[in-house]
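Architecture and fold: a report
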Amino acid sequence: MISSLSARDALEGLALGDAFGERWFPLFRPAKVAFAEIRARRVPGELAWHWTDDTAMALSVYRVLTAYGAVHQEDLALAFGVTYRADAYRGYGYGMHELLPKLADEPASWRTETRELFGGEGSLGNGAAMRVAPLGAWFCADLDEVAEQAAFSAEVTHAHPEGVAGAVAVALAAAFAARGRDGDAPEGAELLAEVAGRTPAGEVREGLHRAAGVPAGTEPWRAADLLGNGQRIRAADTVPFALWSAAHHLGSLTDALWTTAEGLGDVDTTCAVTGGVVAARTGLAGVPEQWLARREALPSWVDES
Ligand code: AR6
Ligand code: MG
């Protein structure tokens, strides 16, 4: 019961983080202006903050979980494809523009097409990590299942082990956040070390170990400098910093989002990751009315599912 409620909350936080983070892109504000406004905690003045592909894909993951209680890969492939076809202008990654139309027509083809991306390496982008926090909350009672289901959800589009590891790490962090609602769960450096210990070996895991060594009060820009801010759009360059920020701000979604935003880089996605994880604990509690009025709401089917 708690886990489905927490998954719903994580989805809200993910979408809020995505929409909030998007406002800080150079398309809307030069980096210097964005950095100064974030430091001053000046809420973006635009009246509509739209969410992007991070939320579009998270909605597909959530839909499959509510329909089947687990990741059915072919149905997830179909949901990604159909959602893309209905609205392709949400800022999807390069590889997804190539892959998702094929999945809309032939969802079973994910098994071969996904591996073909990027010269046969598969994607190591941050796209599997950005959409997965609600899944971590959903399965929070069983951490092995969190890792397994996260990997299933990732490999539909991201065949490279680093793309998958990013999703496993984010899902585990969300599971710990959700567990802290009604019991003891690790936070801060301890959470990061626990997540690293359960993440498959590789660059994402190494980054998480480094993140565990970055003290809580470190200036966010400095932490982003050490851990990466997502500007390479890779899982290993995105997940450690976004989880570092989440792990040290599990009590306040807005503090967490401001901290993550200060790292700039792939800021819709770092904020989607942080927002999804923290909201698995907090929901939207403490988020100012002004933010809630400006962010694009989730589609109405979410509440009917
Ligand atoms: N080798 C080199 N670069 C790679 C590889 C690889 N094997 N795989 C991925 N990249 P993509 P996503 C780089 O296209 O992960 C949106 O803006 C490459 O530069 O699979 O869903 C979201 O908001 C590629 O373009 O899509 C997120 O920020 C990039 O990683 C992001 O895109 C993204 O991989 C999500 O992207
Ligand atoms: Mg995006």
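Notes on the structure follow.

Looking now at the site of ligand 1. The environment of ligand 1 is formed by 22 residues, the closest being Gly95, Glu121, Ser123, His158 and Asp266. Between Tyr94 and ligand 1, the recorded distance is 3.1 Å, taken from a backbone N or O atom to an oxygen atom. For ligand 1, an oxygen atom lies 3.4 Å from a polar atom in the backbone of Asn126. Starting from 710 Å² of accessible surface for ligand 1 in isolation, the protein chains cover 84%. Mapping ligand 1 onto the cavity grids shows that it belongs to the largest pocket. A per-element tally of the shell around ligand 1 places helix 5 (residues 94-105) first, with 3 residues. Taken together, the residues that form the shell around ligand 1 break down as 6 nonpolar, 10 polar and 6 charged.

The protein atoms that coordinate the magnesium ion (ligand 2) are Thr52 (OG1), Asp53 (OD), Asp54 (OD) and Asp268 (OD), at distances spanning 2.0 to 2.3 Å. Read in sequence order, the donor residues for the magnesium ion (ligand 2) give the motif T-D-D-x213-D. Of this pair, Asp53 sits in helix 3 (residues 53-68) while Asp268 sits in helix 15 (residues 267-282); the two residues are 215 residues apart in sequence, bridging distant segments of the chain. Across the pair, exposure class does not vary: Asp53 and Asp268 are buried alike.

This brings us to the pattern of salt bridges. Any two side chains of opposite charge can pair, given that their charged atoms come close. Considering all chains together, one arrives at 17 salt bridges under this definition. Its salt-bridge partner being Glu46, residue Arg29 comes within 3.0 Å of it at the nearest N-O pair. Pair noted here: Arg29 is in the loop between helix 1 (2-22) and helix 2 (31-39) and Glu46 is in the loop between helix 2 and helix 3, with a separation of 17 residues, a long-range link. Among the salt bridges present, the one from Arg281 reaches Glu187, with a minimum N-O distance of 3.1 Å. On the criterion of sequence distance, the pair formed by Arg281 in helix 15 and Glu187 in the loop between helix 9 (161-179) and helix 10 (188-198) is long-range, its members being 94 residues apart. Through salt bridges with shared partners, a single network forms among Arg23, Arg29, Glu37, Arg42 and Glu46.

What counts, and at which threshold
- Residues numbered from 1 in each chain as written.
- Chains lettered and ligands numbered in written order.
- Predicted model: local features only at pLDDT ≥ 70, side-chain atom pairs only at ≥ 80, totals over all residues.
- Heavy atoms only, no water.
- Near = heavy atom within 4 Å.
- Polar contact = N/O pair within 3.5 Å; in protein donor to acceptor, adjacent residues only side chain to side chain.
- Areas by Shrake-Rupley, 256 points an atom, 1.4 Å probe, with all protein chains shown as cover.
- 1 Å grid on protein atoms, 1.4 Å probe; cavity = no way out; pocket = protein on both sides within 12 Å on 5 of 7 lines; lining within 4 Å.
- Sits in = over half its atoms within 2 Å of the grid points.
- Helix = DSSP H or I, 4+ residues; strand = E, 2+ residues; numbered from the N terminus.
- Nonpolar A, V, L, I, M, F, W, Y, C, P; charged D, E, K, R; others polar.
- Donors = N, O, S within 2.8 Å, 3.2 Å for Na, K, Ca; no water.
- Buried < 20%, exposed > 50% of the residue type's maximum accessible area, 1.4 Å probe, protein only.
- Salt bridge = Lys/Arg side-chain N within 4 Å of Asp/Glu carboxyl O.

Purely spatial values, then, with no claim about function.
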